[in-house]
Amino acid sequence: MQAIVIREPGEADVLEWTEVPDPAPKPGEVLIDVVASAVNRADVMQRRGFYPPPQDAPPYPGLEVSGRVAELGPGVTGLSVGDEVCALLAGGGYAERVAVPAAQVLPVPRGVDVVEAAGLPEVACTVWSNVFMHAGLREGETLLVHGGGSGIGTHAIQLAKARGARVVTTVGSARKAERCRDLGADVTVNYREEDFVEHGPYDVILDVIGAKYLARNVDALAAGGRLMVIGLQGGRKAELDIGKLLAKRARVHATALRSRPVEEKAEIVAGVRENVWPLLESREVRPVIDRSFPMADAASAHRLLEESGHVGKILLTV
């Protein structure tokens, strides 16, 4: 088969579509003929040499795919060859085929195109696990989503609104603000012109920035607030005022999805299928796709992501 390999750490042009060995499903795994994958910030970090894949994962980038079941490994039940599926991966999605634990495979939601479904597993699992499983966002509470125009942001806005929360989001342009309001955001804050703290307090904050926003995020939390840190775009190290956390009875929780054990991912995927998939099938929540590229042109997709001009997911099609 062919896959995108990273010749060496560097800029987007180190991505090369080339011949690699075919994968084979191990016990409990499913082999998928890939129709599409999606581009995530983690892929860019891996390309630059800062985020190596877990030891047992394929070396190729790609944390989610959609496609059709090609083969079932020993012990797999509940799936059949030819089923249209999407899957959460630890790596290897930029390829014509990928093997994945069956517990991380989801059916393509009814009414969703199989290509568009490639943009669902990572965002759905990230938002569900952080905002609802860990932070416990409840109806009537206020969620702040940093980076509302991102794949995670566009999904978080819709899912939180569908479950009865008030949503505030930061954006970097008027165009992104308009798109986020169309998705259901109650308030959009242009971070180039305004301070998101002034629009708080927030019961839950979903943060991809990290160190740069840590102090202001804590300032913006409501009593009993929960700050979920899922990214480091603004750095790794910052000073934390524990006194403010104590006064607010608040908490800071940092998580990563890729490195979790298969059993934890299976629990998250099951929660997504039970709670998120019905909202996709009823069209209360929709995939938001900016554009797609042929997988052989993954370099162009990476450049677009790094320019941050997109809204929603960027896909790679086989």
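Residues numbered from 1 in each chain as written. Predicted model: local features only at pLDDT ≥ 70, side-chain atom pairs only at ≥ 80, totals over all residues. Heavy atoms only, no water.

### Section: the sheet that holds strand β12 (residues 221-229)
Taken in spatial order, the six strands line up as β10-β9-β8-β11-β12-β13 in an open sheet, and their pairing is parallel. Lying at the two open borders of the sheet, with one neighbouring strand each, are β10 (187-190) and β13 (251-254). Going from strand to strand, the sheet's axes swing by 15° on average, the running direction of each strand aside. Sheet topology places strand β8 (residues 142-145) next to strand β11 (residues 202-207); three bridges connect them, and they run parallel. Along β11, the bridge assignment pairs L144 with I205. (Pairing = 2+ DSSP bridges. Helix = DSSP H or I, 4+ residues; strand = E, 2+ residues; numbered from the N terminus. Axes fitted to C-alpha atoms, helices over the stretch in contact; angles between N-to-C directions.)

### Thoughts on the packing of aromatic side chains
One pass over the full model with this rule turns up two aromatic pairs. Ring centres of W128 and F132 lie 5.2 Å apart, and the angle between their planes is 20°; on these two criteria the pair is classed as stacked. Here F132 and W128 lie together in helix α2 (residues 121-134), a separation of four residues that amounts to about one turn. Classification of W128 as buried rests on a relative accessible area of 7%. Ring centres of F196 and Y213 lie 5.2 Å apart, and the angle between their planes is 50°; this geometry places the pair in the tilted category. One end of the pair, F196, is in the loop between β10 and β11; the other, Y213, is in the loop between β11 and α5 (214-220), and 17 residues separate them in sequence. By the burial criterion, F196 is buried, and Y213 matches it. Positioned above the aromatic ring of F132, the side-chain terminus of R163 is 4.9 Å from the ring centre. (Phe/Tyr/Trp six-rings, centres within 6.5 Å; stacked < 30°, edge-to-face > 60°. Buried < 20%, exposed > 50% of the residue type's maximum accessible area, 1.4 Å probe, protein only. Lys NZ or Arg CZ within 6 Å of the ring centre and 35° of its normal.)

### Focus: unusual backbone geometry
Following G200, the chain continues to P201 via a peptide bond in cis, the omega torsion being 5°. The residue P201 is located in the loop between β10 and β11 in this model. With phi around 55°, R249 is a residue other than glycine that occupies positive phi space. Along the polypeptide, R249 turns up in the loop between α6 (242-248) and β13. Of note in this structure, S308 is not a glycine but carries a positive phi near 60°. Residue placement: S308 occurs in the loop between α9 (298-307) and β15 (313-317). Its relative accessible area of 30% is what places S308 among the partly exposed residues.

### Regarding helix α4 (residues 174-183)
Buried residues of α4: K176, A177 and C180, and no others. Along the axis of α4, the buried residues cluster in a sector spanning 105°; they form a single face. The exposed set on the far side of α4, more than 90 degrees from its buried face, consists of A174 and D182. Where α4 ends, the next residue or the one after it, G184, has phi of about 125°, a positive value. (Arc of directions from axis to C-beta.)

### Some thoughts on the packing of α2 against helix α3 (residues 151-162)
The interhelical angle for the contact between α2 and α3, taken along N-to-C directions, is 55°, at an axis separation of 9 Å. One finds that α2 runs oblique with respect to α3. Once α2 is placed against α3, the crossing between them reads as right-handed. Here V123, A124, T126, V127, W128 and F132 of α2 come into contact with α3, specifically with G151, I152, H155, A156, L159 and A160. In the contact of α2 with α3, the residues fall into nine nonpolar, three polar and no charged. (Parallel < 35°, antiparallel > 145°, perpendicular 65-115°, else oblique. Left-handed = near helix turned anticlockwise from the far one by under 90°. Contact = heavy atoms within 4.5 Å. Nonpolar A, V, L, I, M, F, W, Y, C, P; charged D, E, K, R; others polar.)

### What to know about the pairing of strand β5 (residues 84-88)
Moving residue by residue along a regular strand, the side chains alternate between the two faces of the sheet. Burial of β5 is extensive: four of the five residues sit out of reach of the surface. Here five bridges tie strand β4 (residues 64-72) to β5, and the two strands are oriented antiparallel to one another. Looking at the pairing, E64 lines up with L88 of β5. Pairing of β5 with strand β7 (residues 105-107), which is carried by three bridges, proceeds in the antiparallel orientation. Residue pairing across strands places C86 opposite L106, the latter belonging to β7.

### Quick word on the side chain of R258
Locating R258 in the fold gives a position in the loop between β13 and α7 (262-275). One buried charged side chain, R258, makes no salt bridge at all; its nearest oppositely charged neighbour is D43, positioned 6.1 Å away. Here Y51 takes part through its backbone oxygen, which lies 3.4 Å from a polar atom of the side chain of R258. Beyond its immediate chain neighbours, meaning those up to four positions away, R258 contacts Q46, Y51, P52, P53, P54, L63, A90, G91 and K265. (Lys, Arg positive; Asp, Glu negative; His and termini not counted. Salt bridge = Lys/Arg side-chain N within 4 Å of Asp/Glu carboxyl O. Polar contact = N/O pair within 3.5 Å; in protein donor to acceptor, adjacent residues only side chain to side chain.)

### Digging into α2
Think of an α-helix as turning once every 3.6 residues; residues three or four places apart then point the same way. The largest bend along α2 measures about 25° and falls at W128. Burial runs high along α2: 12 of the 14 residues are buried. Listing the buried residues of α2 in full gives P121, E122, V123, A124, C125, T126, V127, W128, S129, N130, V131 and F132. G136 lies just past α2 and shows a positive phi near 65°. (Bend = angle between axes of the 7 residues up to and from the residue.)

Spatial relationships are all this shows, so hold off on functional conclusions.
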